[in-house]
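Below, each chain spelled out in residue letters.
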Amino acid sequence: MYAVELDNVNVYIEGKHILKNITLRVPYNTIYVIMGPSGSGKTTILRVINRLIELNPNAKIDGSVKVLGYDAFKIDPYDLRKHIGMVFQIPNPFPHMTIYDNVAIAARINRVARKREELDEIVRWALEKAMLWDEVKDRLRSYPHVLSGGQKQRLCLARALAMKPKILLLDEPTANIDPVNARKIEEAISALKEEITIIMVTHSPHQAARVADHVAMIYSGSIIEQGPVSQVFLNPKTDFTAKFLKGEV
Amino acid sequence: MAMGVSRKDKIFFLSLIPPSITLLGILVVTVITILSNSLESLSLYGLSLIASSIWDPENLKYGLLAPILGSITTSTLAILTALVFSIPLTILIAEYSSGFVKNVLSSIVELMGGIPTIVYAIWASTYFASLLKQYVMDPLHAYFSIIPLFSCKPITGFSIFTAGVSIGVSIVPYVTSMILEAYQNIPQALREACLGIGCTKYESVKVLMSLAKPAVLASLILGFARSLGETTIAVATVGNSMYLSSCIFSPGITVSALIASQFANAYLYKYAESVLYASALFILFIAIVLSFVGLSMLIKWRVKVVV
Ligand SMILES: Nc1ncnc2c1ncn2[C@@H]1O[C@H](COP(=O)(O)OP(=O)(O)O)[C@@H](O)[C@H]1O
Ligand SMILES: [Mg+2]
């Protein structure tokens, strides 16, 4: 059994073939990293898994997607998304909610906690897991605009964690933030796989090497290589992967 | 002016100036006219002009309290009415319709905005007023007459209440288009943030609406300013009575209705014209302040949320 299984998934947007026969298996409680150059289809894979892709009426999808053993396209998309947290490439905290409420709303919506004390506890837990607690514990009532970009992204990570998701999708969570914050997020992610299955997208091979258990290399909509991180990094099967790992593409 | 413009461009640019200056001039002249014409009554009556509700031109007693409170009450009712329609309409158009249906719905709203207010006025006075009396005012009076606002028995449909609700219906398109624009301007990233944390559609709408709240408030403030100036519908439905009442089911008057109905005969009474000018000044002042507040709130919201 896998946490996420894609079989021969194809995505077409306005007739353009965006994802080509994607097949991948993500074991439970591992960190699965999808690497590839920009425009290769990484974000689209994540959006297939939580069905955000359907927000685009021009997108056509075929193939099979299984999440936690269920056929993702046979269950209600809103139910599906209750099990899948997502952190986007650009931090998107709710600007009108306090730091506390940004995290608490995810718990409330998913009925993880209702009472004040339970909420306090889960907010703290999520912020600690996202390695943000120490920096915001004295200003939980402030609004996110007081935070730096990296802190905002960790707030979004905390928000996703407060859902108590089984699966976490991370779309280049460190692409737009400084290296110190990036390291913190990587550290947080590595500590999380005990509890959560994580699928992360990155265009940085170094980052993949630091956090991944399994990696997949995607190029122009196709997965050209995948396997345990040591295998792919030590013995890349394709020239493209070898070059990508050396930072040459 | 920008560098490197040709002579023709310069002439074109210069040709744009006169209309703009003229318009600005008209505005300034209007304000000055209203101001200078009000001075006589303002200096004569002072604060009592807006603090008194006695209207007795024969004995040169002028108090504008009834029309001023009437304007404020009808405009408040108007934005409450508009709110009741605008929020569901916005959600329906933005979230629950797409393609053809969405176009039709938005077109209907736009079309309603283009209907001359005289049409609303006729409809409201001949049909809507009695409908409101029968199905809203009478029941409210029957069950809630302890509340002062509902304490008087509605005699005819013509009342502060009817004027407020009718004006409210007429500004629905104006208010809706502002709220809709704000709502649709919420970045896609925040919509996806909602779905990303497992919100159902209803929960998403709730989060996004709370995000748009300052813009909704600003739209209502602008709607209030517009309601203050609404004249045709007010004259046709408010009942045109200068008696001040704490009950919204009794006939009343608004500043705009007062000016429209009295201005032609004002020369018959001493100071009456100046008093009417003073009332216009009052409305103008509130409308300008509210428009400024509403617009700056909208801009501030956009800068904070959209960018
Ligand atoms: N809404 C869309 N409309 C048209 N093309 C799209 C859309 N979204 C993505 N694409 C195309 O799909 C390809 C993959 O995009 P994406 O998954 O975002 O790549 P990545 O995340 O790897 O940078 C790109 O070529 C992009 O232009
Ligand atoms: Mg991407």
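What counts and what doesn't
Residues numbered from 1 in each chain as written. Chains lettered and ligands numbered in written order. Predicted model: local features only at pLDDT ≥ 70, side-chain atom pairs only at ≥ 80, totals over all residues. Heavy atoms only, no water. Helix = DSSP H or I, 4+ residues; strand = E, 2+ residues; numbered from the N terminus. Buried < 20%, exposed > 50% of the residue type's maximum accessible area, 1.4 Å probe, protein only. Contact = heavy atoms within 4.5 Å. Areas by Shrake-Rupley, 256 points an atom, 1.4 Å probe, with all protein chains shown as cover. Rg over C-alpha atoms; globule rule 2.2 N^0.38 Å. Buried area = accessible area lost by both parts, 1.4 Å probe. Salt bridge = Lys/Arg side-chain N within 4 Å of Asp/Glu carboxyl O. Polar contact = N/O pair within 3.5 Å; in protein donor to acceptor, adjacent residues only side chain to side chain. Nonpolar A, V, L, I, M, F, W, Y, C, P; charged D, E, K, R; others polar. Pairing = 2+ DSSP bridges. Disulfide = S-S within 2.5 Å. Near = heavy atom within 4 Å. Domains from an automatic or database assignment. Phe/Tyr/Trp six-rings, centres within 6.5 Å; stacked < 30°, edge-to-face > 60°. Lys NZ or Arg CZ within 6 Å of the ring centre and 35° of its normal.

Digging into the overall build of chain B
Tallying secondary structure elements over chain B gives 12 helices and two strands in all. Its helices and strands taken in sequence order, chain B reads α-α-β-β-α-α-α-α-α-α-α-α-α-α from the N to the C terminus. Principal-axis analysis of the C-alpha atoms gives chain B an extent of 70 × 70 × 30 Å. Across the 307 residues in chain B, those meeting the buried criterion constitute 44%. When contacts within chain B are restricted to residue pairs at least 6 apart in sequence, long-range pairs at least 24 apart make up 74% of them. For chain B, the accessible surface area stands at approximately 16000 Å², while carbon and sulfur atoms represent 71% of it.

A few points about the overall build of chain A
Counting secondary structure elements, chain A contains 10 helices and 10 strands. Its C-alpha atoms give chain A a radius of gyration of 18 Å, within 12% of the compact-globule value 18 Å for 249 residues. With respect to the three principal axes, the spread of C-alpha positions in chain A is 50 × 40 × 35 Å. For chain A, the proportion of its 249 residues judged to be buried stands at 55%. Intrachain contacts of chain A at a sequence separation of at least 6 include 68% that bridge at least 24 residues.

Digging into the interface of chain A and chain B
Taken together, the contact between chain A and chain B spans 23 residues of the former and 19 residues of the latter. A combined buried area of about 1700 Å² lies between chain A and chain B, and 69% of that area is made up of carbon and sulfur atoms. Sorting the residues of chain A by area buried against chain B places Y78, F94 and H96 of chain A first, and these three jointly supply 30% of that buried surface. At the boundary of chain A and chain B, one finds three salt bridges. Of the charged contacts, one joins E192 of chain B and R47 of chain A as a salt bridge, the two residues approaching to 2.8 Å between their closest N and O atoms. Between the two partners, chain A and chain B, sit seven residue pairs in polar contact (both at pLDDT 80 or more). Looking at the side of chain A that touches chain B, the elements with two or more residues in it are α2 (77-81), β6 (84-87) and α3 (99-109) of chain A. In terms of residue class, the side of chain A that touches chain B is made up of 14 nonpolar, four polar and five charged.

Re α3 of chain A
Most of α3 of chain A sits inside the fold, with nine of its 11 residues counted as buried. Those residues of α3 of chain A that fall on the buried side of the exposure criterion are I99, Y100, N102, V103, A104, I105, A106, A107 and I109 of chain A. As for α3 of chain A, its buried residues are in contact with α4 (116-129), α5 (133-136) and α6 (149-161) of chain A together with α8 (201-211) of chain B. The first or second residue beyond α3 of chain A is R111 of chain A, which carries a positive phi of 55 degrees.

Focus: the sheet that holds strand β5 (residues 70-71) of chain A
All names here are of chain A. Pairing in this open sheet of four strands is antiparallel, and the strands run β2-β1-β4-β5 from one edge to the other. Two strands in the sheet have a free side with no partner beyond their single neighbour: β2 (16-26) and β5. Pairing geometry for strand β1 (residues 4-13) and β2, over seven bridges, is antiparallel. Counted as the bridge partner of Y12 is H17 from β2.

Some details on the state of the cysteines
Enumeration according to the criterion identifies one disulfide over all chains in this entry. Residue C152 of chain B pairs covalently with C247 of chain B via a disulfide, S to S 1.9 Å. Sign of the S-S torsion, about -75 degrees for the bond between C152 of chain B and C247 of chain B, identifies this disulfide as left-handed. Here the residue C152 of chain B occupies a position in the loop between α5 (117-144) and α6 (160-184), and C247 of chain B occupies one in the loop between α10 (232-237) and α11 (255-262), the gap between them amounting to 95 residues. Of the two residues, C152 of chain B and C247 of chain B, neither departs from the other in class, the shared state being buried. Left unpaired, C156 of chain A is separated from the closest cysteine sulfur, that of C194 of chain B, by 12 Å. According to the relative accessible area criterion, C156 of chain A is buried, its value standing at 2%. Considering cysteine sulfurs only, C194 of chain B is the nearest to C199 of chain B, which forms no disulfide, with 4.8 Å between them. On the basis of relative accessibility, which here comes to 1%, the residue C199 of chain B falls in the buried class.

Some details on the site of ligand 1
Residues and elements named next belong to chain A. For ligand 1, the full set of nearby residues is I13, K16, I18, P37, S38, G39, S40, G41, K42, T43, T44 and N56. A distance of 3.2 Å separates an oxygen atom of ligand 1 from a polar atom in the backbone of S40. Within the contact set of ligand 1, an oxygen atom lies 2.5 Å away from a side-chain nitrogen or oxygen of T44. In the complex, 63% of the free accessible area of ligand 1, which totals 560 Å², lies under the protein chains. Those elements that place two or more of their residues in the shell around ligand 1 are β2 and α1 (42-49).

Here's the deal with the domain arrangement of chain A
All names here are of chain A. Examined at the domain level, chain A breaks down into domain 1 (1-83 + 166-249) and domain 2 (93-165). Computed over C-alpha atoms only, the centres of domain 1 and domain 2 are separated by 25 Å. Counting residues at the interface gives 17 residues for domain 1 and 19 residues for domain 2. Between domain 1 and domain 2 lies a buried interface of about 1400 Å² when both sides are counted; carbon and sulfur atoms form 63% of it. Taken together, the connections running from domain 1 to domain 2 amount to two salt bridges. Residue K129 is joined to E195 by a salt bridge in which the shortest nitrogen-to-oxygen separation is 3.1 Å. Linking domain 1 to domain 2 there are four residue pairs in polar contact (both at pLDDT 80 or more). Of all the secondary structure elements, the ones that give two or more residues to the side of domain 1 that touches domain 2 are β7 (167-171) and α7 (179-192). Ranked by residue count, the leading element in the side of domain 1 that touches domain 2 is α7, at six residues.

Some points on the packing of aromatic side chains
Counted under the stated rule, the structure contains nine aromatic pairs over all chains. When the ring of Y45 of chain B is compared with that of Y62 of chain B, the centres are 5.8 Å apart and the planes differ by 85 degrees; the resulting orientation is edge-to-face. With a gap of 17 residues between them, Y45 of chain B in helix α1 (residues 7-45) and Y62 of chain B in strand β2 (residues 61-62) connect regions that are remote in the sequence. Of the two residues examined, Y45 of chain B and Y62 of chain B, each falls in the buried class. Among the aromatic residues, ring-to-ring pairing joins Y45, W55, Y62 and Y271 of chain B into one connected group. Seen from the ring of Y78 of chain A, R81 of chain A lies directly overhead, with NZ or CZ sitting 5.4 Å from the centre. Here the basic side chain of R141 of chain A rests over the ring of Y100 of chain A, its NZ or CZ set 4.7 Å away from the ring centre.

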